[in-house]
Amino acid sequence: MDKDDLISTAHALADAARASVLPHFRRAGLSADNKEAAGFDPVTEGDRAAERAMRAILETRRPDDGILGEEYGRVDGTSGLTWVLDPIDGTRGFLSGTPTWGVLISVADASGPLYGLIDQPYIGERFEGGFGRARVVGPRGEAPLAVRGGRPLDEAILFSTFPELGSAPEADAFRAVSQKARLTRFGMDCYAYALIAAGQIDLVIESGLQPYDIHAPIAVIEAAGGIVTDWQGNPAHHGGRAIAAAAREQHEAALEILSRIP
């Protein structure tokens, strides 16, 4: 495994995604197709263009690797490595003009993500984790990533994307955690995970995730010293329910409540 090549490839993908998606952001008349008949799951040409650009690079630089992307599905590889891509995590935010969406890029083997990037093109922030790296590069320069450390749940800041989280039992479990936390905020998409790695918040709790939603956040948060599991304390890289925590104290306190849901 050539770690340097994997890292440079990931950054090339992020650069290409930035160039593809930014012309669509806050563009007058931006439209979206709905991928979900029973609700609203939007996809824009920005999503599609960014994933096409990333796949084109991988076909040239890493043709033996697999690819799993939100918009164009899975391509099996022969190397044992798979690139997991979400060209715009937070398309609802993208449509709304909020800079809380991001490009998620990770490379994984059978055990889960090895390295990942959370990239926010409009702000110009790139959060990196894995292969001995944990850093953010942005408008204020480069800084190491490190979680904020342990604290009681009643001092914790909690994030989730949607107030109407999952099924009724899942929503009840989330509310039980939220009622114990000091502060709960919503609507940050993948940027909330970046904030855990940056030492700003304590917990992100979500359900209904796909692998491409969580692979890059796992890599970045774990590199910064945090924890990501499912609601039973097991690996979360297959998607579904996830809890990301800044330290074991917050993780265990929230998990004690969430794990009651079968």
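None of these values were measured; they are calculated from a predicted model. (Residues numbered from 1 in each chain as written. Predicted model: local features only at pLDDT ≥ 70, side-chain atom pairs only at ≥ 80, totals over all residues. Heavy atoms only, no water.)

A. Layout of the overall build of the protein chain. When its secondary structure is counted, the protein chain shows seven helices and 15 strands. By the compact-globule yardstick of 18 Å for 262 residues, the protein chain fits well, its C-alpha radius of gyration being 17 Å. Based on the C-alpha atoms only, the size of the protein chain along its principal axes is roughly 50 × 40 × 40 Å. Counting only residues that meet the buried cut, the protein chain has 55% of its 262 residues in that class. For the protein chain, restricting intrachain contacts to residue pairs at least 6 apart in sequence, the fraction spanning at least 24 positions comes to 61%. Within the structure as shown, the protein chain displays about 11100 Å² of accessible surface, and the carbon and sulfur contribution to it stands at 48%. Averaged over its 25 positive side-chain charges, the protein chain has a centre that lies 4 Å from the centre of its 37 negative ones. (Helix = DSSP H or I, 4+ residues; strand = E, 2+ residues; numbered from the N terminus. Rg over C-alpha atoms; globule rule 2.2 N^0.38 Å. Buried < 20%, exposed > 50% of the residue type's maximum accessible area, 1.4 Å probe, protein only. Contact = heavy atoms within 4.5 Å. Areas by Shrake-Rupley, 256 points an atom, 1.4 Å probe, with all protein chains shown as cover. Lys, Arg positive; Asp, Glu negative; His and termini not counted. Charge placed at Lys NZ, Arg CZ, Asp CG, Glu CD.)

B. Representation of the pattern of salt bridges. This structure, assessed with the given rule, holds 17 salt bridges. Close ionic contact of Arg61 with Asp5 constitutes a salt bridge, the shortest N to O distance being 3.5 Å. Of this pair, Arg61 sits in helix 2 (residues 45–61) while Asp5 sits in helix 1 (residues 3–21), placing them 56 residues apart in sequence. Overall, the relative accessible area of 37% leaves Arg61 in the partly exposed class. Of the charged contacts, one joins Arg55 and Glu51 as a salt bridge, the two residues approaching to 2.9 Å between their closest N and O atoms. Residue Arg55 and its partner Glu51 are both found in helix 2; the two are separated by four residues, about one turn of the helix. For the pair Arg55 and Glu51, a shared accessibility class is recorded, and that class is buried. The network of salt bridges with common partners includes Asp5, Arg61, Arg62 and Asp65. (Salt bridge = Lys/Arg side-chain N within 4 Å of Asp/Glu carboxyl O.)

C. The arrangement of the pairing of strand 10 (residues 141–144) in detail. Across four bridges, strand 9 (residues 133–138) lies against strand 10 in antiparallel orientation. Bridge pairing in strand 10 places Arg135 opposite Pro144. In this antiparallel pair of consecutive strands, strand 9 and strand 10, the connection spans two residues. (Pairing = 2+ DSSP bridges.)

D. How the structure looks around helix 5 (residues 190–197). For helix 5, the buried fraction is high: eight of the eight residues fall into the buried class. Immediately downstream of helix 5, the backbone of Gly199 shows phi near 80°, a positive value.

E. Molecular detail of the nonpolar core. Counting 31 residues, the largest nonpolar core has Ile118, Phe127, Tyr193, Ile201 and Val204 as the members making the most contacts within it. Contributions of two or more residues to this core are made by strand 11 (157–160), helix 5, strand 13 (203–209), helix 6 (211–223) and strand 15 (240–245). Looking at this core, the element that brings in the most residues is helix 5, giving eight residues. Setting aside residues no more than four positions away along its own chain, Ile118 makes contact with Val103, Leu104, Glu125, Arg126, Phe127, Cys190, Tyr193, Ala194, Pro217 and Val220. (Core = buried A, V, L, I, M, F, W, Y, C linked by side-chain atoms within 4.5 Å.)

F. Focus on helix 7 (residues 248–258). Regarding helix 7, the residues found buried are Gln250, His251, Ala254, Leu255, Ile257 and Leu258. The arc enclosing the buried residues of helix 7, seen along the axis, measures out at 155°, which places them on a common side. (Arc of directions from axis to C-beta.)

G. Fine view of the packing of helix 1 against helix 2. Viewed as axis vectors pointing N to C, helix 1 and helix 2 meet at an angle of 150°, and their least axial separation amounts to 8 Å. As the angle between them shows, helix 1 and helix 2 are arranged roughly antiparallel. Where helix 1 crosses over helix 2, the two elements pack in a sense that is right-handed. Along the contact surface, helix 1 presents Asp5, Ser8, Thr9, Ala12, Leu13, Ala16, Ala17, Ser20 and Val21, while helix 2 presents Gly46, Ala49, Ala50, Ala53, Met54, Ile57, Leu58 and Arg61. Here the contact of helix 1 with helix 2 is composed, by residue class, of 11 nonpolar, four polar and two charged. (Axes fitted to C-alpha atoms, helices over the stretch in contact; angles between N-to-C directions. Parallel < 35°, antiparallel > 145°, perpendicular 65-115°, else oblique. Left-handed = near helix turned anticlockwise from the far one by under 90°. Nonpolar A, V, L, I, M, F, W, Y, C, P; charged D, E, K, R; others polar.)

H. Summary view of unusual backbone geometry. For Arg26, which is not a glycine, the phi torsion comes out positive at approximately 55°. Following the sequence through the fold, Arg26 ends up in the loop between helix 1 and strand 1 (33–34). Judged by relative accessible area, Arg26 falls into the partly exposed class, the value being 48%.

I. Molecular detail of the environment of Met54. For Met54, the location among the structural elements is in helix 2. Look at Met54 and you get buried, because its relative accessible area is 0%. Sequence-wise, Met54 and Leu85 are 31 residues apart; in three dimensions their C-alpha atoms are separated by 8.3 Å. Leaving out residues up to four positions away in the same chain, Met54 has contacts with Leu13, Ala17, Leu85, Pro87, Val103 and Ile105.

The quantities given are spatial measurements derived from coordinates; they are silent on function.
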